[in-house]
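Coordinates in review
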Amino acid sequence: MINIQAPKADITITQRKQEIQDDEAVIKPLYGFIDLHEIPRDKGGIIQFFNHSGELLFVGKARKLRQRVKKHFEDNVSPLKNHRDEVHRIAVSIVEDPMEREIYETYLINTGKAKYNVDKVFYRD
C-alpha cells in the first residue's frame, strides 16, 4: 500500500484590505487578495482554494504558481469562474517534480473532497 502525506502549505494568503502606511504604494486587490506577490513566480506546486469556513473549494497544480493563481481569478474557463467571491484563503505548496504534483493534486481533491473539482474525483457523496 502506498502512503501519501499531503505537502504542508509553504505560503498561505488571506483576503484582506491594505492598511496604507506613510508613502506606501497602493496595491490593487484581485478579489480581495493583495499578497499575491508572496507566491513565487518561478516555482511549481499545488494550489488550494478555501472559503471563509475553511471548506476546500478547488485544488490545482501549476508549473508557475503565481501566474496560475491569477489565471483562476481572470480566466473564463477556470472551474472557479462562478465561485471566485467564495475564495477567502489560498494555500500554496511548492512541489517542483511534475509527477509529484499530479499525485498530490489527485490525493488532495479526493481526501479533501474539493467542492469544484470535477476531474480526478474518485469519491462519491
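Predicted model, so just to flag it, every value in this text is computed and none were measured. (Residues numbered from 1 in each chain as written. Predicted model: local features only at pLDDT ≥ 70, side-chain atom pairs only at ≥ 80, totals over all residues. Heavy atoms only, no water.)

Some words on the overall build of the protein
Stated formally: Helix and strand labels come from DSSP, where a helix needs a run of H or I of at least four residues and a strand needs a run of E of at least two; each type is numbered from the N terminus. Each residue gets one of three labels from its accessible area relative to the maximum for its type: buried under 20%, exposed over 50%, partly exposed in between, using a 1.4 Å probe on protein chains only. Only heavy atoms enter the contact rule, under which two residues are in contact if any of them lie within 4.5 Å. The positive count covers Lys and Arg only, the negative count covers Asp and Glu only, and His and the chain ends enter neither. We put the charge of a Lys on NZ, of an Arg on CZ, of an Asp on CG and of a Glu on CD.
The helix and strand inventory of the protein stands at 2 helices and 4 strands. The helix and strand sequence of the protein, counted from the amino end, reads β-β-β-α-β-α. In terms of overall dimensions, the protein has a C-alpha envelope of 55 × 30 × 25 Å along the principal axes. A buried classification covers 40% of the 125 residues belonging to the protein. If you take every contact in the protein between residues at least 6 apart in sequence, the share linking residues at least 24 apart comes to 59%. Charged side chains of the protein number 21 positive and 20 negative; the gap between the two group centres comes to 5 Å.

So, the sheet that holds strand β1 (residues 11–14)
Condition: When DSSP finds two or more bridges between a pair of strands, those strands are recorded as paired. Note on definitions: angles span 0 to 180 degrees between N-to-C directions of axes, and those axes are lines fitted to C-alpha atoms, for helices only across the stretch in contact.
Strands sit in the order β1-β4-β2-β3 across an open sheet of 4 strands; the sheet is antiparallel. Only two strands of the sheet have a single partner each, and these edge strands are β1 and β3 (56–62). Here the average twist between neighbouring strands, direction ignored, is 15°. Docked against the sheet, helix α1 (residues 65–74) engages β2 (45–50), β3 and β4 (89–94), running at close to 35° with respect to β2. Each of β2 and β3 touches helix α2 (residues 98–111); the most contacted strand, β3, lies at about 175° to it.

Let's talk about the pattern of salt bridges
Stated precisely, the cut-off is as follows: Salt bridges are identified by distance alone: a Lys or Arg side-chain nitrogen within 4 Å of an Asp or Glu carboxyl oxygen.
Within this structure, the stated rule accounts for 7 salt bridges. Lys115 is the salt-bridge partner of Glu86, the closest N and O atoms lying 3.9 Å from each other. Pair noted here: Glu86 is in the loop between α1 and β4 and Lys115 is in the segment after α2, with a separation of 29 residues, a long-range link. Since its relative accessible area comes to 41%, Lys115 is described here as partly exposed. In this structure, Lys120 and Glu102 form a salt bridge, with 2.5 Å as the shortest nitrogen-oxygen distance. On the criterion of sequence distance, the pair formed by Lys120 in the segment after α2 and Glu102 in helix α2 is long-range, its members being 18 residues apart. A residue is classified by how much of its surface remains accessible, and Glu102, at 29% relative accessible area, is partly exposed. Taken together, the shared-partner salt bridges in this structure form one network comprising Lys61, Glu102, Glu105 and Lys120.

Examining the environment of Lys17
Relative to the assigned elements, Lys17 resides in the loop between β1 and β2. Taking the relative accessible area as the measure of exposure, Lys17 reaches 74% and is therefore exposed. Between the C-alpha atom of Lys17 and that of Ile34, which follows or precedes it by 17 residues, the distance is 7.4 Å.

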